[in-house]
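Coordinate analysis (summary)
Take a look at the letters that make up each chain.
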Amino acid sequence: MAKPELLILVDGSSYLYRAFHALPNLTTSTGRHTGAVYGVASMVRRLITEHDPAYMAVVFDAPGKTFRHDMYPEYKATRPPMPPELREQIDDLHRIIKAMGLPLISVEGVEADDVIATLARQARKRGLATLVSTGDKDIAQIVDDDIELIDTMSDKRYDAPAVVEKFGVPPDRIVDYLALVGDKSDNIPGVPKVGPKTAVKWIREYGSVEELVRHAGDIKGKVGESLRESLEHLPLSRSLVTVNDAVDVGLAPSDLLPGEPDNAVLRDIFKELEFSSWLSSLEDDAPQHPGAGPDVDYECVTDRERLRQWIRKLETAGLIAVDTETTALQAMRADLVGISVAVASGEAAYIPVGHDYQGAPRQLDRGEVLEALRPLLEDGDSKKVGQNLKYDCTVFARAGVRLAGMAFDTMLESYVLDSVANRHDMDTLALKYLGHRMISFEDVAGKGKSQLTFNEVPLETAAEYAAEDADVTLRLHELLWPRLEKEDRLRELFEKIEMPLVPVLAAMEENGVRIDGTMLGRHGEQLARQMEELEEKAFKLAGTAFNISSPRQIQEVLYDRLQLPVLRKTPKGQPSTAENVLQDLAIDYELPQVILDHRALSKLKSTYTDKLPDLVNPDTGRIHTSYHQAVAATGRLSSSDPNLQNIPVRSAEGRRIREAFVPEPGNVLLAADYSQIELRIMAHLSGDEGLLEAFRKGEDVHRATAAEIFGVALDAVTDDQRRHSKAVNFGLIYGMSAYGLAQQLRIPRNEAQAYIDLYFARYPGVKSFMDLTRAEARDRGYVETVFGRRLYVPDIKASNFNRRQYAERTAINAPMQGTAADIIKMAMLVVSDWIVEQAPEIRMIMQVHDELVFELPEGSVEKAAKRIPSLMSGVVELEVPLEVDTGAGGNWVEAHA
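Let me begin by describing the structure that accompanies this report. Quick caveat, the model's predicted, so the values are computed rather than measured. Numbering of residues begins from 1 in every chain and follows the order in which that chain's sequence is written. This being a predicted model, a pLDDT of at least 70 is required before a residue's local features are given, and a value of 80 or more before pairs of side-chain atoms are given or counted; all residues contribute to the totals for chains, interfaces and linings. Water and hydrogen atoms play no part in the side-chain values, which are based on all heavy atoms of the structure.

Pairing is mixed in the open sheet, where six strands are placed in the order 3-2-1-4-5-6. Both edges of this open sheet fall to strand 3 (104-105) and strand 6 (156-158), since each of them pairs with a single strand only. Strands in contact with helix 5 (residues 112-125) are strand 1 (6-11), strand 2 (55-59), strand 3, strand 4 (129-133) and strand 5 (147-151); relative to strand 1, the strand with the most contacts, it is inclined by about 175°. Two strands pair under a simple rule: DSSP has to find at least two bridges between them. Comment: elements are numbered from the N terminus, with helices defined as DSSP H or I runs of at least four residues and strands as E runs of at least two. Contacts are residue-level and defined by heavy atoms, with any inter-residue pair within 4.5 Å sufficient. A fitted line through C-alpha atoms serves as each axis, taken over the contacting stretch for helices, and the angle formed by two N-to-C directions is quoted from 0 to 180°.

In this section: the pattern of salt bridges. Side chains that differ in sign of charge can pair as their charged atoms come close. Salt bridge criterion: a side-chain nitrogen from Lys or Arg within 4 Å of a carboxyl oxygen from Asp or Glu. On inspection of all chains with the given rule, the structure shows 61 salt bridges. Asp-151 is the partner of Arg-18 in a salt bridge, and the nearest nitrogen-oxygen pair spans 2.9 Å. Of the two residues, Arg-18 is situated in helix 1 (residues 12-22) and Asp-151 in strand 5; the sequence distance between them amounts to 133 residues. Exposure classes here rest on a 1.4 Å probe applied to the protein chains alone. A residue is buried below 20% of its type maximum, exposed above 50%, and partly exposed in between. Of the residues examined, Arg-18 reaches a relative accessible area of 26% and is grouped as partly exposed. By relative accessible area, Asp-151 is classed as buried at 10%.

Residue types Ala, Val, Leu, Ile, Met, Phe, Trp, Tyr and Cys, when buried and joined through side-chain atoms within 4.5 Å, form a set referred to as a nonpolar core. Among the nonpolar cores identified, the biggest contains 177 residues, and Phe-661, Tyr-674, Ile-823 and Phe-854 are the most heavily contacted of them. Grouped together as the second largest cluster of nonpolar side chains are 56 residues, Ile-105, Ala-117, Val-194 and Ala-199 included.

Here a helix's expected span is defined as the number of its residues, less one, multiplied by 1.5 Å. In this model, helix 21 (residues 488-511) (24 residues) spans 34 Å end to end at C-alpha, consistent with the 34 Å of a helix rising 1.5 Å per residue. One axis is fitted to the seven residues ending at the residue and one to the seven starting there. The bend at that residue is the angle between these axes. Val-502 marks where helix 21 bends most, by close to 35°; the proline Pro-503 follows one to four residues later. A positive phi of about 65° marks Gly-512, the residue just after helix 21.

On to the pairing of strand 10 (residues 347-352), then. Counting buried positions along strand 10 yields five of six residues, so the element is predominantly enclosed. As paired elements, strand 7 (residues 297-300) and strand 10 share four bridges and run parallel to each other. Among the inter-strand pairings, Cys-300 is bridged to a residue of strand 10, identified as Tyr-350. Bridge count between strand 9 (residues 336-344) and strand 10: six bridges; the pairing is antiparallel. Its bridge partner being in strand 10, Ala-344 is matched across the sheet by Glu-347. Linking strand 9 back to strand 10 in an antiparallel pair, the connection comprises two residues, with Gly-346 at a positive phi of about 85°.

This is the structure we're talking about:
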């Protein structure tokens, strides 16, 4: 039986809001907002590519009131007005959709849902299948055998069984379900105290709202009372959530034929909105739909002659893309399955060496392939490009090959160009810059428990997937590098810091760190006892036992039972139990602090004492964290498995975890830590004479600040005054307000403001720097570090106060935090060179915040403690000296003391 033709209906209004709130707030160089336009247009392009519909339309809500407002004047009355940053994008999106040749529909007096329901029901009568692209739950009521929903932002598709799985009721009962639970965003009342679970239970028991109403007297308890009190308005709620599928649209489904795109108009729009990758595809006469790329010639190399021919190609190529396929995501546990290479756009090969599923075709021997490729891979003059080359570097190293000539990394190219615009994984970059949707790992390996490892993937499927990785990497580089190359400071940052750091980080990961599992076990037991004691204390304070890890039960105890003040609500209108809210409550109430203490211990136990032993590599007996260069917006390195950056250093429990980080017998750990580096950078950038003088004299800057603020001699500063000054010093770096300082110091807000005013009076250069930085950020849309790293702040002109204020805080902090990140990366490079050339017995094993940790023989401590601080403090000359504190010991805590 022939498959019915497909109609796709896109709920444009739903996706416009979702894209605005979920995606990066992109702007043009002139400050024009484009993020929502880009997100929705990308989604529409993707739907066309993946489904090739015979008919398609994008439907928007019409301006003005609808028939639902006539039924219920308070309908949507609680919705805030549309943000100006979103409103200004509507016309641009409409222009793109029309220029793509797609029908755009908007009908006065009804909503997009009503238009979609009408067209979908008409399409069913004409034998068409309909796919509705939406994120709106209301439209689930129209799903049937011929109508399905797809949420492209979560990539989930809903037929009737999937609707039941999601909501607990079938499509023909969604209206009843919605009538009972209501909808706060639309101001539809529903039944108070009735949530999804209760609504599903009643519908399953009684079948419908009508039948439930007949048995309202049988429902016990407060929820029964609430139902009976709602009987009068329940029919209204049901009418409000019911879509109208008899709208006079003026078009039939057969009228919704996609036309040819108007490339001339699209070209003008893409230029205006600075959608450069889409513009490039038009100017190169490339096809308009994502997934289209150059004609490809991918080859699976399984015999010696073809391998020799490909090696000759690689030897004569000016630049080659290299990628590895493996058995695991963790490089130190990954076995090589295959190597992919590309020499030109569309010309790539996959060389399998480890597909071992039953019936797998014959492949070249792994050792033979590596020996044949070794001269090329280890040749520093043979330039390579990759996507996250650090991973491939480690995989090759485990296979006995030292990858050299790592000239470019597309992940880092994207990151240096704009760290905040998007994620920097290949799938994201390919879609953004090439309009190309990559073959996903799930496409070839499946999902969930039945997912295959790559060595189990059939070779014919694996070859295209793997070759595409190398090909797209090369194509991305050819697009990204010219943009980076023309920005001198960014190019230098990439060439002098980020790329040279790749092999250094790979070596650090390979070195790993040893942990004492027995010590961690004892600490975990102690944490468990402390958590039990805190639970008992919490139960006494609450007057009842409750699940201290459950936000819902904490909410009930704090706000319903104890009637604590509601300081903030969640987006769904519930009293918040977020950490910052509990911290505010803890100023006046004991129980919130007990809950916070329990959370902190629980996180330490689950993340470190319980998990760290499982992360020990069985081959090396050490933990090998993964360092990430392209995650933190400011340039800071982050780490995972384990996250070394989040192990507390100030709490006794955190220090006990650090005590479990130990050297091999006969060795010690040495820590080298930049002292107050961000404050020193603040002094350098602001040029404030008071701060500069304090650092030049080698004074305790917090004590010196306290002396200035409180007008006392240095030796008369009290510990409390120093603590307050330290909070001001660091708080201003992070853009802390008087309110934030007051919360931290637990003092009145006016007193905190007085501290800040005194600080700026004594250090006027700091105030001038902060004002100038905010102004430059508004003018340019970004701020820079000392070394030219950019951090874009698209919300710096946002009309929303909170978003604008956050952007201003970011603008002030980023130059200092980013410069500190650049400095420690430079330090890692010079120290690594020294180790390779003069101290090979020393291993650099960790980088955490402003600290480097080394493992070395006891006899080398004196040499290292003298040379490493000298190298680190000499990487850059600022207006104030950089100081490095060192320590050595039998564990990380002793080394840091």
